[in-house]
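Read off the chains here:
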Amino acid sequence: HRAAESGDEETLEAFLRAGTKIDVPAKSGETALLRAIRGGQITAARWLSEHGAKLTSDAPALESTLLLATQRSSPELVLLVARAHDNAQVTEALLEAARIGHTETLRALLASSETSNADVSPALLVAAQNGRVECIDLLLQAGADPDTRDTIESWTPLHFAVRNNQHAATQLLLHNGASRFALTGDARSVWQLAEITPEMVEADARLISSTATTCAR
């Protein structure tokens, strides 16, 4: 497992020739492939995959190999393991990529055929909350609903962007059809969420109004 995490393929091959099972877990439950991903060792991970290593983790207490590859911000590792994961695990990885804001990792997840059946809209909420403009753009292109709502307070991506003073994200969402009239679950408007400082009220009101005028032309 240390050989996998450090990318030592020669030692890995020696273990395999000696009869060590490729998916034998360490005491932590981690397999060699999981350790290779944790270490960001794409060449070792590919070698393990080519020699029959399982692309998923069987230990419930551990993160999925796809989530770990996403956390490592490695598009290559994401593409290697994505095909073995279900929609829920893909959605989890999309959320993490949007939170981190690593555009190429998100692009790799969206490019994977397995993502076609996953819901990409929840990741838009996370991207908007954190002002990840490039991720927002990618998710909208992939079909994310600009007016999707979170399951707790019924906020839209625009609500999160305005509340967190993310002006570039606010502008991008409005230009892509996000409703400036949507209310939160407790009936607050976009303008009310902007009322944190006078500067924010003025900036957001000007942005929302100017975007509305532009879209109406």
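What you are looking at is a predicted structure, and each value in this text was computed from that prediction instead of being measured.

### Observations regarding the packing of aromatic side chains
Two aromatic rings are characterised by how far apart their centres lie and by the angle between their planes.
Inference 1: Counted under the stated rule, the structure contains 2 aromatic pairs.
Inference 2: Between W155 and F160, the aromatic rings sit 5.1 Å apart at their centres with planes inclined by 50 degrees, giving tilted as the arrangement. Accessibility assignment for this pair places W155 and F160 in one class, buried.
Inference 3: Ring centres of F181 and W191 lie 6.4 Å apart, and the angle between their planes is 40 degrees; on these two criteria the pair is classed as tilted. Of the two residues, F181 is situated in the loop between α12 (167–175) and α13 (190–193) and W191 in helix α13; the sequence distance between them amounts to 10 residues.
Inference 4: On the basis of relative accessible area, W191 is assigned to the partly exposed category, the value being 30%.

### Some details on α12
Inference 1: What α12 keeps buried is the set A169, T170, L172, L173 and L174.
Inference 2: Of the residues trailing α12, G177 is marked for its positive phi of about 95 degrees.

### Topic: the packing of helix α10 (residues 133–141) against α12
Inference 1: Relative to each other, α10 and α12 sit at 20 degrees, their axes nearing to 9 Å. The angle between α10 and α12 falls in the class roughly parallel. Between α10 and α12 the crossing geometry is right-handed. Two secondary-structure elements touch here, α10 through V133, I136 and D137 and α12 through A168, A169, L172 and L173.
Inference 2: Here the residues of the contact of α10 with α12 sort into 6 nonpolar, no polar and 1 charged.

### Some words on the packing of helix α8 (residues 103–111) against α10
Inference 1: The N-to-C vectors of α8 and α10 enclose an angle of 15 degrees; their axes lie 10 Å apart at closest approach. Classed by the angle they form, the pair α8 and α10 counts as roughly parallel. Note on packing geometry: the crossing formed by α8 with α10 is right-handed. Two secondary-structure elements touch here, α8 through T103, L106, R107 and L110 and α10 through E134, C135, L138 and L139.

Here is what the cut-offs are and how they apply
Position numbers for residues start from 1 in each chain and track the written sequence from start to end. pLDDT decides what is reported in this predicted model: residues at 70 or higher carry local features, side-chain atom pairs at 80 or more are listed and counted, and totals for whole chains, interfaces and linings draw on all residues regardless. Remark: hydrogens and water are excluded; side-chain values derive from all non-hydrogen atoms of the structure. Pairs were defined over the aromatic rings of Phe, Tyr and Trp, the Trp ring being its six-membered one, requiring ring centres within 6.5 Å. Orientation was assigned from the angle between planes: stacked under 30 degrees, edge-to-face over 60, tilted for the rest. Only protein chains enter the calculation, and the probe is 1.4 Å; a residue is then buried if its accessible area is under 20% of its type maximum, exposed if over 50%, and partly exposed in between. In this text, helices come from DSSP runs of H or I with a minimum length of four residues, and strands from runs of E with a minimum of two, each type numbered from the N-terminal end. Angles run from 0 to 180 degrees between N-to-C directions of axes, and those axes are lines fitted to C-alpha atoms, restricted for helices to the stretch in contact. Here the word oblique covers every angle except those under 35 degrees (roughly parallel), over 145 (roughly antiparallel) and from 65 to 115 (roughly perpendicular). Handedness of a crossing is defined here by the sense of rotation of the near helix relative to the far one, left-handed for an anticlockwise turn of less than a right angle and right-handed for a clockwise turn. Throughout, a contact is declared for two residues whenever any of their heavy atoms are within 4.5 Å. Residue type decides the class: Asp, Glu, Lys and Arg count as charged, Ala, Val, Leu, Ile, Met, Phe, Trp, Tyr, Cys and Pro as nonpolar, and the leftover types, Gly among them, as polar.

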